[in-house]
Number of protein chains: 2
Amino acid sequence: MFSRSCEYAIKALIYVAQNTKDGKRVSIKEIAKGTDAPEHFVAKILQELSKKKMVMSIKGPNGGFYLEEGGKHVSLERIVKEIDGDGMFTNCVLGLKVCSEKTPCPVHLEYKEVKKNLIRMLENNTISDFNDKLDSGKFFLKNE
Amino acid sequence: MFSRSCEYAIKALIYVAQNTKDGKRVSIKEIAKGTDAPEHFVAKILQELSKKKMVMSIKGPNGGFYLEEGGKHVSLERIVKEIDGDGMFTNCVLGLKVCSEKTPCPVHLEYKEVKKNLIRMLENNTISDFNDKLDSGKFFLKNE
DNA sequence: AAATAAAAAGATATTAAGGTCTTTTTTTTC
DNA sequence: GAAAAAAAAGACCTTAATATCTTTTTATTT
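All values derive from a computational prediction rather than experimental measurement. (Residues numbered from 1 in each chain as written. Chains lettered and ligands numbered in written order. Predicted model: local features only at pLDDT ≥ 70, side-chain atom pairs only at ≥ 80, totals over all residues. Heavy atoms only, no water.)

Trainee: Break down the interface of chain B and chain A for me, citing the residues and quoting the values.
Mentor: It is common to give the size of an interface as the accessible area that goes away when the parts come together. Opposite the 37 residues of chain B that make contact, chain A presents 37 residues. Contact between chain B and chain A buries roughly 3600 Å² in total, counting both sides, with carbon and sulfur atoms accounting for 70%. When the buried area of chain B at its contact with chain A is split by residue, Met1, Leu94 and Pro106 of chain B rank highest and sum to 18% of it. Remark: the boundary between chain B and chain A carries two salt bridges. Linking Lys133 of chain B and Glu110 of chain A is a salt bridge whose minimum nitrogen-to-oxygen distance equals 2.8 Å. Our enumeration of links across chain B and chain A arrives at nine residue pairs in polar contact (both at pLDDT 80 or more). Sorting the residues of the side of chain B that touches chain A by element identifies α1 (4-19), α6 (108-124) and α7 (127-135) of chain B as the ones contributing at least two each. (Contact = heavy atoms within 4.5 Å. Buried area = accessible area lost by both parts, 1.4 Å probe. Salt bridge = Lys/Arg side-chain N within 4 Å of Asp/Glu carboxyl O. Polar contact = N/O pair within 3.5 Å; in protein donor to acceptor, adjacent residues only side chain to side chain. Helix = DSSP H or I, 4+ residues; strand = E, 2+ residues; numbered from the N terminus.)

Trainee: Describe the nonpolar core, with residues and values.
Mentor: Counting 46 residues, the largest nonpolar core has Val107 of chain A together with Leu49 and Ile79 of chain B as its most contacted members. Where this core is concerned, the elements lending two or more residues are α6 (108-124) of chain A together with α1, α2 (28-34), α3 (39-51), α4 (76-84), α5 (87-90), α6 and α7 of chain B. Here this core gets ten residues from one element, more than from any other, and that element is α1 of chain B. Filtering out sequence-adjacent residues up to four positions away, Leu49 of chain B remains in contact with Ala9, Leu13, Met54, Val55, Glu82 and Ile83 of chain B. (Core = buried A, V, L, I, M, F, W, Y, C linked by side-chain atoms within 4.5 Å. Buried < 20%, exposed > 50% of the residue type's maximum accessible area, 1.4 Å probe, protein only.)

Structure follows, in structure tokens:
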């Protein structure tokens, strides 16, 4: 569904949100460990997100990553679009260059509904939502 | 959503279905041209599908590909599973090794619904359905 | 000011997907 | 039986995604 990079991005943002509630910051090393992601790879991804202000970063000792107030309300949709682009939102499911309401491919109508659901899910779920879920103890970010 | 290979596979099967109604056969060359796919690449994919009897093939002059009677009723789901595997059907959307009803990741519940829709679409749409749609003149496989 | 800790940036390596080219096998037709 | 047409098989190439390693920049602490 999403690229590996995108999975890392989502997990990293969730991790940052979870672990900087008290105004602390977390380092790439921590994030990588906490999300089972390769350190330098996730560093690249955080750089990107940081350029787009989806996460804040401070260099130097005691530096690290944290979220701005609004940062927790970033939706899955924004993360996915940032990392994987909007192909999933706009492209024909068969990869056809020409596929629209006027000239639909044979899968178009059926896929439209699925896509609508998918997009709604991506738009309506934010880092903050996931935060709450994890806090409730009923949801997990486990990898083994 | 699907891999390039999978897109080619779906389009190829549709093309074969559309063009062998009168007991004819179509060659890889024709299929590749007709679906804007690279010839040798689509050949590989058809070989795979052929091994799984999802399409029939005959060598030699006047040979080519065609579908068995039941062949038209193959669903998108079978094609996707054959080419891309069942990752889309079974994997956690965040790529977590541990994610289930008992230990759900924070996206699990929301994604479950989307996935249910997606799978239903894949199961309920067959080559034959697409065939009918294309025949109706209201659907297209256009690439420019 | 020096040492240190952290992210940023850049260079390089690895893997998997996508794609091409060549040879082999099978079948048909003449 | 020779020539030709087609798929099958295999070798190889290219590109993009993934991953790692090294250097640089920035900020902090002592």
